[in-house]
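Chain residues, written in single-letter form:
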Amino acid sequence: MISKVKNAMSTLVGGMIPHGHHHPSGTGQNSGSSEGLPPRFPYGRPDFLDLTPELLQYSTEHASRPVLMLRRDSRLPWRTGYAEVINAGKSMLNEDQASCEKLFVKKPSGKHRSSPLQEDTGDATGIPLHFWGVYDGHAGSGAAIAASKLLHRLIRDRLGEVAHLLENPASPPPICLAKNGSPYQATESKKGAAAAAAAAAQQQGEGAAAEEPDAISDPSIRYHMEKVVSMESLVMGVLENAFRQMDELIEKEKASYTISGGCCALAAVQMLGKLYVANAGDSRAIIIRNDEVIPMSNEFTPESERQRLQYLGFLRPELLGNEFTHMEFPRRIQHSELGKKMLFRDHTMTGWAYRTIVEDDLKFPLIYGEGKKARVMATIGVTRGLGDHDLKVYNSNIHIKPFLSCCPEVKVYDLSENKHGPDDVLVMGTDGLWDVTTDQEVADAVSTFLSGCDPSDPMRYTLAAQDLLMRSRGVLKERGWRLPSDRLGSGDDITVFVIPLAGHEGES
Ligand code: MG
């Protein structure tokens, strides 16, 4: 044990991120071409924990799995509660990461335009935004750390580009913007004039469209019926694009740095009275309101995304490298079963049907296994996330990436439309929490805990997070980590935010 910690510490002190030996596949991965490059960010725990080197070392002890939480004298924005614990030994370091930030969305202003991705300067002007992110890394902690440092800045910068539209929620955002970002209207602002304008423009030919030289000009789309786009969907679009840009950034920076592995990303943004939750992976967010559970995310796994993955394999069979079949069968097929009939399903099906087995069906299934053991191409157990650009099927040149998508699903909750008590919360956690504790168990535990806790205690949400974490980790017994029910506790890294929906209302 001691040598293990020493080993971990020499890695920490050296600032190097070890390459993961514990991919969720169990089959390992090709390490790519980043050997010898410095890490993009050194390993650490979230800055807000403010760990001393001794505590950082202590946090890596798999034998005792200490629960890390906020210090009594430190506060997170929005009275957020937080707790985390390392895994039971599946990887040397904690591959989960988290971030919690208060940011300000500013319009980019000419030459004073702030450089993208810069740290917040503390200048409290602009639209306030609260951000929470949990990242569950695999095959190393590099991608999770990079995302925990940068994703919220990307989101802030993208929001800045539409800030002038968001500040005016009474009118829907214009569909077209001039190059300088100001609203652009094809002809007249009145909607009723669009048809007349279309006819006039057609008569005069395309030249008439060049009313404003700066405009994005595509005459073919200009005069058709316009869709009404909500402000809400503008923020959703920002989140979706920021995830993709984060993924591209990791790929780009891998030319100069080591950014190991990949990560699931779950991000929540509170802004202008709404809560947006974007999820790419198998972490989960739920709202607990009046002891009732409101799911705020869906998990993306080989099972939940089977049809999307199979369809991609069907459309682009070359991605399967002649090794895999996009068809799913209830079990592997023996060569002797050629010509027999076997149950199957493809990308068009939810149910099962019989088909006659042909040679191609003998290939390994694109999706194989059940539940937490289900894998894409026998390699990875999640289907959305950031990073993993080097991830290949073991001993092959088949890339996982096109099957692994960085696109999040975004859900919106209207904070201003609902009244919230001090015990109504958003819980965000990595799969280490949810693997062993159901939504209802989490809701019951949080509600019971908070109702017995002084509403003015600034630590109440952190203590609730700690309570959740202990329930999922369990205690170390002779036969491993056990829950009170004697079921096996979670051996994974566990990260939990408990965020009061009433937010800063009670903030001192
Ligand atoms: Mg996990």
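Look a little higher up for the structure.
Let me sum up the structure you'll find in this document. Nothing here was measured: the structure is a model prediction, and the numbers come from that model. Sequence positions are assigned chain by chain, starting from 1 and proceeding in written order. Note on the predicted model: pLDDT of at least 70 is required for a residue's local features to be given, and 80 or more for side-chain atom pairs to be given and counted; whole-chain, interface and lining totals, by contrast, use all residues. The side-chain quantities take in all heavy atoms of the structure and omit both hydrogens and water.

1. Topic: the overall build of the chain
To keep things clear, this is the line we draw: The secondary structure listing takes helices from DSSP runs of H or I that are at least 4 residues long and strands from runs of E that are at least 2 residues long, numbered from the N terminus. Any residue under 20% of the maximum accessible area for its type is buried, any over 50% is exposed, and the rest in between are partly exposed; the area is computed with a 1.4 Å probe on protein chains only. For this analysis, residues touch if any pair of their heavy atoms sits within 4.5 Å. Each accessible area is a Shrake-Rupley result for a 1.4 Å probe, and residues are judged covered by the shown protein chains and nothing else.
The helix and strand inventory of the chain stands at eleven helices and 20 strands. Burial analysis of the chain (508 residues in total) assigns 51% to the buried set. Look at the contacts in the chain between residues 6 or more apart in sequence, and 72% of them connect residues 24 or more apart. When the accessible area of the chain is evaluated, it comes to approximately 23800 Å², of which 52% is carbon and sulfur surface.

2. Some remarks on helix 11 (residues 460-473)
Threshold: Expected span, for any helix, means 1.5 Å times one less than how many residues it has.
Relative to the 20 Å expected for 14 residues at 1.5 Å per residue, helix 11 spans 20 Å between its end C-alpha atoms, a close match to the ideal helical length. The buried fraction of helix 11 amounts to eleven of the 14 residues, a majority that puts the element mostly inside the structure.

3. Overview of the coordination of the magnesium ion
Applicable threshold: Shown as donors are all N, O and S atoms within 2.8 Å of a metal ion, widened to 3.2 Å for Na, K and Ca; because water is not in the atom set, sites may appear incomplete.
Of the protein atoms, only D136 (OD), D431 (OD) and D492 (OD) coordinate the magnesium ion, at distances of 2.0 to 2.2 Å. Read N to C, the donor residues that coordinate the magnesium ion are spaced as D-x294-D-x60-D. Taken together, the residues span a long stretch of sequence, with D136 in strand 4 (residues 127-138) and D431 in helix 9 (residues 431-434) at a distance of 295 residues. Judged on exposure class, the residue D136 and its partner D431 are both buried.

4. Comments concerning the side chain of R289
Let me state the cut-off plainly: The sign given to each residue is positive for Lys and Arg and negative for Asp and Glu; His and the chain ends receive no count. Here, a salt bridge means any side-chain nitrogen of Lys or Arg that lies within 4 Å of a carboxyl oxygen of Asp or Glu. Within 3.5 Å is the distance limit for a polar contact, defined as a pair of N or O atoms, with the added protein rule that one can donate a hydrogen and the other accept it, and that residues adjacent in sequence qualify only through two side-chain atoms.
Residue placement: R289 occurs in strand 7 (residues 284-289). Of the side chains with opposite charge, E292 lies nearest to the buried R289, which makes no salt bridge, at 4.8 Å. Polar contacts involving the side chain of R289 include one to the side chain of N418, which spans 3.2 Å. Not counting chain neighbours up to four residues away, the residues in contact with R289 comprise I294, Y413, N418, H420 and D424.

5. Structural notes on a nonpolar patch on the surface
The cut-off we apply is this: Patch criteria: residues need more than 30% relative accessible area and no salt bridge. Like-charged residues are merged within 9 Å; nonpolar side chains of Val, Leu, Ile, Met, Phe, Trp and Tyr are merged within 5 Å.
A grouping of Y311, F314 and L315 is seen on the molecular surface, where their side chains present a nonpolar patch of about 310 Å² in accessible area. Its location among the elements puts L315 in helix 8 (residues 306-315).

6. What about the environment of G122?
By the element assignment, G122 lies in the loop between strand 3 (96-105) and strand 4. Between the C-alpha atoms of G122 and L103, which are 19 residues apart in sequence, the distance is 8.5 Å.

7. Brief notes about the pairing of strand 5 (residues 262-271)
Short version of the rule: By definition, two strands form a pair when at least two bridges between them are found by DSSP.
Counting buried residues along strand 5, ten of its ten residues qualify, which places the element largely inside the surrounding structure. Pairing geometry for strand 4 and strand 5, over nine bridges, is antiparallel. If you follow G137 over to strand 5, its bridge partner there is C263. In terms of strand pairing, strand 5 meets strand 15 (residues 386-387) through two bridges, oriented antiparallel. Bridge assignment links G262 to a residue of strand 15, and that residue is G387. Relative to strand 6 (residues 274-280), strand 5 runs antiparallel, the two sharing seven bridges. Note on strand 6: the bridge partner recorded for M271 is K274.

8. Describing the packing of aromatic side chains
Heads up, the condition is: Classification of ring pairs uses Phe, Tyr and Trp, with its six-membered ring standing for Trp, and accepts pairs whose centres are within 6.5 Å; under 30 degrees between planes counts as stacked, over 60 as edge-to-face, and the remaining range as tilted. Counted as over-ring charges are cases with an Arg CZ or a Lys NZ within 6 Å of the ring centre that also lie within 35 degrees of the ring normal.
Counted according to the given criterion, the structure contains seven aromatic pairs. Ring centres 6.3 Å apart and planes at 75 degrees place the aromatic pair W78 and W132 in the edge-to-face group. In this pair, W78 sits in the loop between strand 1 (68-69) and strand 2 (81-85) while W132 sits in strand 4, placing the two residues 54 residues apart along the sequence. Of the aromatic side chains, those joined through ring pairs into one cluster are F48, Y82 and F497. Over the ring of Y257 we find R40; its NZ or CZ atom is 5.3 Å from the centre of that ring. When the ring centre of F344 is taken as reference, the NZ or CZ atom of R355 above it lies at 5.5 Å.

9. Digging into the packing of helix 10 (residues 439-451) against helix 11
Counted only if it meets this: Axes, fitted as lines to C-alpha atoms, cover a helix only where it is in contact. Angles between the N-to-C directions of the axes lie from 0 to 180 degrees. In what follows, roughly perpendicular refers to angles from 65 to 115 degrees, roughly parallel to angles under 35, roughly antiparallel to angles over 145, and oblique to any angle outside these ranges. Should the near helix be turned anticlockwise from the far one by less than a right angle, the crossing is left-handed, and should it be turned clockwise, the crossing is right-handed. Ten residue types, Ala, Val, Leu, Ile, Met, Phe, Trp, Tyr, Cys and Pro, are classed as nonpolar, four, Asp, Glu, Lys and Arg, as charged, and the remainder, Gly among them, as polar.
In the contact formed by helix 10 and helix 11, the axes pass within 10 Å of each other and the chain directions differ by 140 degrees. Classified by the angle their axes make, helix 10 and helix 11 are oblique. Where helix 10 crosses over helix 11, the handedness of that crossing is right-handed. Here helix 10 contributes V442, A445, V446, F449 and L450 to the contact with helix 11, which in turn contributes R460, Y461, L463, A464, D467, L468 and R471. Classifying every residue of the contact of helix 10 with helix 11 by side-chain character gives nine nonpolar, no polar and three charged.

10. Here we look at unusual backbone geometry
The backbone of W78 shows a phi angle near 60 degrees, a positive value even though the residue is not glycine. With relative accessibility at 6%, the residue W78 sits in the buried group. Phi angles above zero are rare outside glycine, and N322 is one such case at about 60 degrees. Its place among the elements puts N322 in the loop between helix 8 and strand 9 (324-325).

11. A look at helix 8
For clarity, the threshold we go by: For this quantity, the arc is that covered by the directions from the helix axis to the C-beta atoms.
Three or more residues of helix 8 are buried, namely R306, L309, Q310, L312 and G313. Down the axis, helix 8 shows its buried residues gathered within 160 degrees of arc, on one side only. For helix 8, the secondary structure elements touched by its buried residues are strand 13 (367-368) and strand 14 (375-376).

12. Quick notes on the pattern of salt bridges
Inspection of the entire model under this criterion finds 30 salt bridges. Salt-bridge contacts for D247 lead to K401; the nearest nitrogen and oxygen are separated by 2.9 Å. With D247 in helix 7 (residues 231-253) and K401 in the loop between strand 15 and strand 16 (409-414), this residue pair connects regions lying 154 residues apart in the sequence. Using a relative accessible area of 16% as the deciding quantity, one classes K401 as buried. Residues E337 and R331 are paired through a salt bridge, measuring 2.6 Å at the closest nitrogen-oxygen approach. Among the residues examined, E337 registers a relative accessible area of 14% and is labelled buried. Note on R331: relative accessible area 40%, which makes it partly exposed. Here the residues in one salt-bridge network are D282, K372, D431 and D435, joined through shared partners.

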